[in-house]
Amino acid sequence: MQNIPDEHQDIRDAMRELCRQYPDEYFRKIDAEEAYPEAFVDALIGAGWLAAMIPEEYGGSGLGLTEASVIMEEINRCGGNAGAVHGQMYNMGTLLRNGSEAQKRKYLPRIAAGKLRIQSMAVTEPTTGTDTTKIKTVAVKKGDRYVVNGQKVWISRVQHSDLMILLARTTPLAEVKKKSEGMSIFIVDLREAVGHGLTVRPIPNLVNHETNELFFDNLEIPAENLIGEEGRGFKYILDGLNAERTLIAAECIGDGYWFIERAVRYANERIVFDRPIGRNQGVQFPITDAYIEVEAANLMRFRACSLYDAGQPAGAQANMAKYLAAKASWEAANVCMQTHGGFGFANEYDIERKFRETRLYQVAPISTNLIFAYIAEHVLGLPRSF
Ligand SMILES: Cc1cc2nc3c(=O)[nH]c(=O)nc-3n(C[C@H](O)[C@H](O)[C@H](O)COP(=O)(O)OP(=O)(O)OC[C@H]3O[C@@H](n4cnc5c(N)ncnc54)[C@H](O)[C@@H]3O)c2cc1C
């Protein structure tokens, strides 16, 4: 497969060098053991990659979303899974954009130095799903503390994070003018919270992705851990979603290229009926189709990145990039699996692992239908459907 150098080749080369130390066997073993890739994450943090978007004044590299997306893409393109770490890239942005100077000084330099991890964000709830404004988790102010009660579901990387951003209702839904008002976000120090009002129950799932149910039972959070103004938390969370969606689009692009490379290699090597299977148009055309889709999605991903980095509205492009990239990577996964015939199912080829991993992104962090609903309403001007 043609590998045309781009302006991010320095980052790509450095990431590939690091990832070479964590080959397929490493991620295969981690997957089989349902473990967390600690050594890989330590190496990434140690090299400063996960502090890419933290401004230099707080000890980070001060890079843009474009560069951060290349870092995430390369992890997946090299056969790994950035799902173990991507929260650190975008969760710090919520703090950076909306936190007080004191909060930024307290947390960001330590996050940049790898002493603190901010891998988790708790939004989704079991009874409300995507209808986020109906969340039932409440935070009630009592003196210098907020007392939190409620439940969250699918909250990732809690067991491998020190800090978590929590969205909770601070004013009852019935008392706000707009349903998006009255929610607030907090920094939860997981090291203090777990076992003292916060219970974490892991959810075994399709992918080796550490994700959990959370139960809040009178969890006390210092009032100083409120981020920004009380009642504006939903807006703050929404502001961060464009970065999250674009980074995940880049991971899907990385997956897509990985699947295409593997499919091409196998199609050239596998001999059946005395010729490489890739000589059959029935084999080579689906791979080609998948490649074209990945390339096209990649353009939208860089469009979203450049708008975001220029400080311009990027909601439509971030959503479209996530949609196109997740679809393209899933199609590439399917083609790669089909090209490998029975061997695609064997763990040692890593295809079934990456196949499971890339499937997630049609559902999380936002499902395809909800992207359609966003574009229909906000870009096309169609009536809101829910
Ligand atoms: C592995 C994993 C990790 C996750 N990590 C996190 C995390 O760290 N933090 C966090 O807060 N959340 C996390 N999530 C949650 C994730 O963001 C949600 O699963 C996702 O947004 C979909 O919400 P839901 O599962 O509640 O689906 P629902 O909202 O119940 O929707 C179910 C289906 O119905 C469709 N649907 C619903 N309403 C409509 C409508 N009006 N029109 C058309 N279709 C509709 C949806 O598209 C979806 O396909 C994670 C999920 C998974 C699986």
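Residues numbered from 1 in each chain as written. Predicted model: local features only at pLDDT ≥ 70, side-chain atom pairs only at ≥ 80, totals over all residues. Heavy atoms only, no water.

Colleague: Sorry if this is basic, but what is going on with the overall build of the protein chain here?
Modeller: For the protein chain, the helix and strand inventory stands at 12 helices and 10 strands. Compactness check: the protein chain gives a C-alpha radius of gyration of 21 Å against a globular reference of 21 Å for 386 residues, within 12% of the reference. Taking the principal axes of its C-alpha atoms as reference, the protein chain extends roughly 80 × 50 × 40 Å. Roughly 17,300 Å² of accessible area belongs to the protein chain as shown, and the carbon and sulfur atoms make up 52% of that amount. Distance between charge centres in the protein chain, computed from 43 positive and 50 negative side chains, equals 4 Å. (Helix = DSSP H or I, 4+ residues; strand = E, 2+ residues; numbered from the N terminus. Rg over C-alpha atoms; globule rule 2.2 N^0.38 Å. Areas by Shrake-Rupley, 256 points an atom, 1.4 Å probe, with all protein chains shown as cover. Lys, Arg positive; Asp, Glu negative; His and termini not counted. Charge placed at Lys NZ, Arg CZ, Asp CG, Glu CD.)

Colleague: I tried to follow the pattern of salt bridges on my own but got confused; where do I start?
Modeller: Any two side chains of opposite charge can pair, so long as their charged atoms come close to each other. Tallied over the full model, the rule gives 27 salt bridges. We note a salt bridge from glutamate 17 to arginine 20, for which the minimum N-O separation is 2.9 Å. Note that glutamate 17 and arginine 20 are positioned in helix α1 (residues 9-20) at a spacing of 3 residues, about one turn of the helix. Overall, glutamate 17 belongs to the partly exposed group, its relative accessible area being 44%. With its nearest N and O atoms 3.0 Å apart, the salt bridge here joins glutamate 73 to arginine 77. Here glutamate 73 and its partner arginine 77 are both found in helix α4 (residues 65-77), 4 residues apart, which amounts to about one turn of the helix. Taking relative accessible area as the criterion, glutamate 73 reaches 0% and is therefore assigned buried. The network of salt bridges with common partners includes Asp6, Arg12, Arg16, Glu73, Glu74, Arg77 and Arg301. (Salt bridge = Lys/Arg side-chain N within 4 Å of Asp/Glu carboxyl O. Buried < 20%, exposed > 50% of the residue type's maximum accessible area, 1.4 Å probe, protein only.)

Colleague: Can you help me understand the state of the cysteines in this one?
Modeller: In protein chemistry, a disulfide is the covalent bond that joins the sulfur atoms of two cysteines. Enumeration over the complete set of coordinates arrives at 0 disulfides. We note that cysteine 305 lacks a disulfide partner, and the nearest cysteine sulfur, in cysteine 252, lies 13 Å from it. Assessed through its relative accessible area of 0%, cysteine 305 is described here as buried. (Disulfide = S-S within 2.5 Å.)

Colleague: Just checking my understanding: could you explain the environment of glutamate 25 for this structure?
Modeller: Along the chain, the position of glutamate 25 falls in helix α2 (residues 24-32). Expressed as a C-alpha distance, the spacing of glutamate 25 and glycine 79, which sit 54 residues apart in the sequence, is 9.9 Å.

Colleague: Got a minute to help me understand the site of the ligand in this structure?
Modeller: Near the ligand lie 18 residues; those nearest to it are Thr124, Thr130, Trp154, Ser156 and Ser367. A distance of 2.4 Å is found between an oxygen atom of the ligand and a side-chain nitrogen or oxygen belonging to threonine 130. For the ligand, whose accessible area on its own is 960 Å², the fraction buried by protein is 66%. Within the residue set of the shell around the ligand, elements represented by two or more residues are β3 (145-156) and α12 (368-379). For the shell around the ligand, the element with the highest residue contribution is β3, accounting for 3 residues. In terms of residue class, the shell around the ligand is built from 10 nonpolar, 8 polar and no charged. (Near = heavy atom within 4 Å. Polar contact = N/O pair within 3.5 Å; in protein donor to acceptor, adjacent residues only side chain to side chain. Nonpolar A, V, L, I, M, F, W, Y, C, P; charged D, E, K, R; others polar.)

Colleague: Any chance you could explain the pairing of strand β4 (residues 163-169) here in plain terms?
Modeller: Two faces belong to every sheet, and in a regular strand the side chains alternate between them. When you tally the buried positions in β4, you get 7 out of 7 residues, the bulk of the element. Both faces of β4 are covered, namely the face carrying Leu163, Ile165, Leu167 and Arg169 and the face carrying Met164, Leu166 and Ala168. The pairing of strand β1 (residues 120-122) with β4 spans 3 bridges and is classified as parallel. Its bridge partner being in β4, methionine 121 is matched across the sheet by isoleucine 165. Pairing analysis gives 7 bridges linking β4 to strand β5 (residues 183-189), with the strands arranged antiparallel. Directly across from methionine 164, in β5, lies its bridge partner valine 188. (Pairing = 2+ DSSP bridges.)

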